[in-house]
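Now for the letters of each chain:
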Amino acid sequence: MSSKVIKVAVAGNPNVGKTTILNAIAGTSLKVGNWPGVTVEKKEAFVNYGGYKIHFVDLPGIYTLEPISEDEQIAVEFLEKGDVDVILDVIDSTNLERNLLLTVQLLEFEKPTVLALNLYDEAQKLGIEIDEKRLEELLGVRAVKTIGRKGIGVDKLLKAIVEVYEKRIIPRIEYSTQIEEFLRKAGEKYKSLKAEPFTKHELIKLVMKDTELLKEFEEKYRESFKKALDEERYGYAHGVYEEVVREREALTRNLTDLFDTFLLHPVLGIFAFIFIIFMLFKVAFDFSSPLIDWIDGFFNDFLNPLFLNFFNSLGAPEWLGRFFSEAVVGGVGFVLTFVPLIFVLYLLITFLEMSGYIPRVAFLMDKVLHRFGLHGKSVIPLILALGCNVPAIVATRTMESWREKLIVIAMIPFISCPARLVVFSFFTLIFFPQNAALVITALYLLGLVVALFTAFLLRKTLFRGEALHFVIELPPYRLPSLGTLLNISWLHTKDFIYRAGTLIFGASILVWSLLNLPPGVNNPKDSLAGYIGKALVPVFEPMGIDDWRATTSLIPAFLAREIVISSMGVIYSSTEEEPKKESFNFKEELINQAKGLLQALEDGIKAVFTFKLLALEVEEEEGSLKEMIRKSFTPASALSFMVFILIYTSCLGTYATMGREIGYGKATLFLLYSFVLAWFVGTIVYNLFS
């Protein structure tokens with residue numbers, strides 16, 4: 001016999017520890033996805049308890065249920081139409097009065113409700129004591145003191161959810177006589193619409209839509225119904241707070257205030273922010289780089305020859321072995337190569353967010369970004385874009401306004417990522433060896449200028465209007481639990497592997513086919529990719545790029561920008577000679593790979609604790625590849641080529657993620673815009689420097 005399902009809506013303000021509570025309840029069964037039809041993140045989990053299967057659905061972190069932002073709209077619609085059995089309201093115990101404003105609105109839905117008084121240990125340190133029994137009496141709910149990061153109170157929460165569900169404990173909330181009078185009038189006027197009684201939330205909606213009732217209220221009481229209701233809600237929250245909270249003098253100085261005097265300083269705060277971001281990327285790149293190299297070697301030096309030897313032993317056609325080694329293993333390998341970097345970036349960003357620092361960054365940068373029609377929250381995805389554009393685009397899910405989300409997503413692909421740095425380093429060390437750092441710095445700044453230009457263009461044309469008022473609550477600094485950090489980071493990484501990886505894998509097969517068709521082709525210039533590359537030459541000639549080998553390299557480079565270099569290595573150095581067959585000892589190679597993994601982990605850990613700036617290095621290519629590229633390009637055309645790579649969104653992962661977040665129609669239009677802009681700017685650069 002299947003257990004009864006209890007659907008629980010998990011609500012609360014931002015930064016109150018909802019994710020920590022959910023992680024403590026659900027652990028690895030927690031799932032991350034999107035709400036249907038929108039890009040706002042959705043977390044949910046199923047937990048078996050007391051003969052029930054409890055289905056937790058995490059609502060967006062919001063301050064109010066007035067449906068203005070996308071987050072608020074989602075929360076209201078789910079509470080109205082999602083067949084919710086119980087509401088779990090997670091509250092920050094250190095800021096109870098502010099949190100109770102949302103609680104009051106949740107009580108209006110008249111659903112069985114449980115309050116999780118989270119972060120209770122922090123409240124006690126601040127001298128705050130909450131009488132949860134009195135809170136239960138006043139509101140008709142169950143209240144449980146919790147410490148999410150330690151898992152304290154979780155079992156009591158599950159027990160309270162089952163109790164309020166079985167006993168149908170409905171919360172009580174009563175407003176003033178004038179508010180209640182007009183709610184009753186609305187109930188009488190519209191009683192034919194519904195057989196069962198209206199909830200308080202439904203009655204408020206009916207009044208707010210009825211112009212006659214609104215006008216009557218204003219004439220009778222000399223103020224608007226909306227204003228009176230807001231004052232009632234605040235008064236109710238304040239009254240409950242005064243009844244249940246007792247504050248004593250804290251014995252220790254509040255460390256949050258001490259840190260904020262430095263981290264929120266208009267000048268020192270900026271320098272602190274730059275240092276923290278530098279350390280974030282230093283740790284991410286230093287730790288993951290040896291692992292990235294090992295994974296790359298594992299696929300290229302172990303799995304590829306393993307597949308080739310396996311198919312040779314079966315007597316299979318050569319093309320079949322090459323297909324599996326280059327397209328199948330190569331396609332999967334490309335995705336997995338960047339997993340360490342993606343995971344570490346998510347881990348560190350999640351740490352900054354859960355520690356309470358990320359909201360302060362948004363507050364610090366709000367004034368600057370407001371000039372471009374954005375607010376402080378926009379800076380977080382733009383910072384993340386320096387590491388990888390894919391998680392940066394995903395990070396826009398936290399933004400309230402769809403308009404601002406689109407603008408920021410349009411800015412992100414112009415922020416240089418490490419994949420571009422590979423190409424920039426290679427070309428600058430060939431053509432501008434004395435000024436490599438200067439050229440690369442200029443390219444990064446150009447990307448920022450193009451991003452701001454795009455934001456300005458969109459704000460003045462398609463998305464006119466001012467940025468929403470930016471209201472943010474700065475939580476106290478906290479030390480999140482390692483288990484929660486690892487679990488949330490893995491959920492995001494797994495999502496990246498599944499969604500971006502499947503599309504890149506399919507595209508890698510397509511590109512391999514273009515480079516190996518028609519059957520029997522031995523030279524890339526005679527393949528379909530070669531013909532396409534030669535057909536593209538007239539398009540790129542105004543940029544000074546008139547060699548078909550360069551244009552052909554841009555075709556597989558759509559998988560990822562750094563593939564430009566490996567593609568050039570294949571295309572420029574291609575010959576009709578048969579590759580040398582090398583012996584492959586499985587046991588010996590497996591031992592070497594295991595040793596390599598241990599060495600990569602050791603190198604990564606050591607690199608994190610070194611405090612020198614990372615140097616830009618480009619490995620020496622065998623043969624005459626550099627010499628052939630030097631003859632194929634001029635300094636001016638090389639510069640225009642780098643500008644094109646900078647501006648054009650030649651990254652399938654970025655395009656796929658944009659399509660998933662804003663729709664493939666808009667993503668394709670942006671792709672066309674970035675191509676035209678890249679060609680235009682590249683042509684100008686070539687003519688200026690030639």
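Read on for a plain summary of the structure. (Residues numbered from 1 in each chain as written. Predicted model: local features only at pLDDT ≥ 70, side-chain atom pairs only at ≥ 80, totals over all residues. Heavy atoms only, no water.)

1. A few points about the overall build of the protein chain
When you go through the protein chain residue by residue, the secondary structure sums to 29 helices and nine strands. Here the protein chain holds 690 residues, and the buried ones make up 54% of them. Summarising the internal contacts of the protein chain: among those between residues at least 6 apart in sequence, 75% fall at separations of at least 24. If you sum the accessible surface of the protein chain, you get close to 32,700 Å²; carbon and sulfur atoms cover 62% of it. (Helix = DSSP H or I, 4+ residues; strand = E, 2+ residues; numbered from the N terminus. Buried < 20%, exposed > 50% of the residue type's maximum accessible area, 1.4 Å probe, protein only. Contact = heavy atoms within 4.5 Å. Areas by Shrake-Rupley, 256 points an atom, 1.4 Å probe, with all protein chains shown as cover.)

2. Digging into the pairing of strand E4 (residues 52-58)
Counting buried positions along E4 yields six of seven residues, so the element is predominantly enclosed. Alignment of strand E1 (residues 4-12) against E4, held across seven bridges, turns out to be parallel. Among the inter-strand pairings, Val5 is bridged to a residue of E4, identified as Lys53. Of the strand pairs in this sheet, strand E3 (residues 41-49) and E4 are connected by seven bridges, and their pairing is antiparallel. Each residue of the ladder has a partner; that of Glu44, found in E4, is Val57. (Pairing = 2+ DSSP bridges.)

3. Some words on empty space enclosed by the protein
One water molecule sets the probe size; rolling that probe over the atoms shows where empty space is left. Evaluated as defined, the whole model comprises four cavities of 30 Å³ or more. One number sums up the size of the second largest cavity: a volume of about 60 Å³. As for the second largest cavity, its lining consists of Phe273, Ile277, Ile349, Leu352, Tyr357, Ile358, Val361, Ile380, Ile383 and Leu384. Broken down by element, the lining of the second largest cavity gets its largest block of residues, three residues, from helix H16 (residues 379-384). For the lining of the second largest cavity, the residue count by class is ten nonpolar, no polar and no charged. (1 Å grid on protein atoms, 1.4 Å probe; cavity = no way out; pocket = protein on both sides within 12 Å on 5 of 7 lines; lining within 4 Å. Points joined across faces, edges and corners; volume = space filled by probe spheres on them. Nonpolar A, V, L, I, M, F, W, Y, C, P; charged D, E, K, R; others polar.)

4. Digging into the environment of Ile74
With respect to the helices and strands, the residue Ile74 is situated in helix H2 (residues 70-81). For Ile74, a relative accessible area of 10% translates into the label buried. Ile74 sits 15 residues away from Leu59 along the chain, and the two C-alpha atoms are 7.6 Å apart.

5. Topic: helix H9 (residues 211-221)
For H9, the N-terminal cap is Asp210; the gap from its side-chain oxygen to the backbone nitrogen of Glu212 is 3.0 Å. Note on H9: the residue one or two positions beyond its end, Arg222, has a positive phi of about 60°. (Polar contact = N/O pair within 3.5 Å; in protein donor to acceptor, adjacent residues only side chain to side chain.)

6. Looking at the packing of helix H28 (residues 652-662) against helix H29 (residues 664-689)
Running from N to C, H28 and H29 point in directions that differ by 135°, and their axes come no closer than 7 Å. Between H28 and H29, the interaxial angle falls into the category oblique. As H28 runs across H29, the sense of the crossing is right-handed. Listed contacts from H29 to Tyr655, Ala656, Met658, Gly659, Arg660 and Ile662 of H28 are Tyr664, Lys666, Ala667, Thr668, Phe670 and Leu671. (Axes fitted to C-alpha atoms, helices over the stretch in contact; angles between N-to-C directions. Parallel < 35°, antiparallel > 145°, perpendicular 65-115°, else oblique. Left-handed = near helix turned anticlockwise from the far one by under 90°.)

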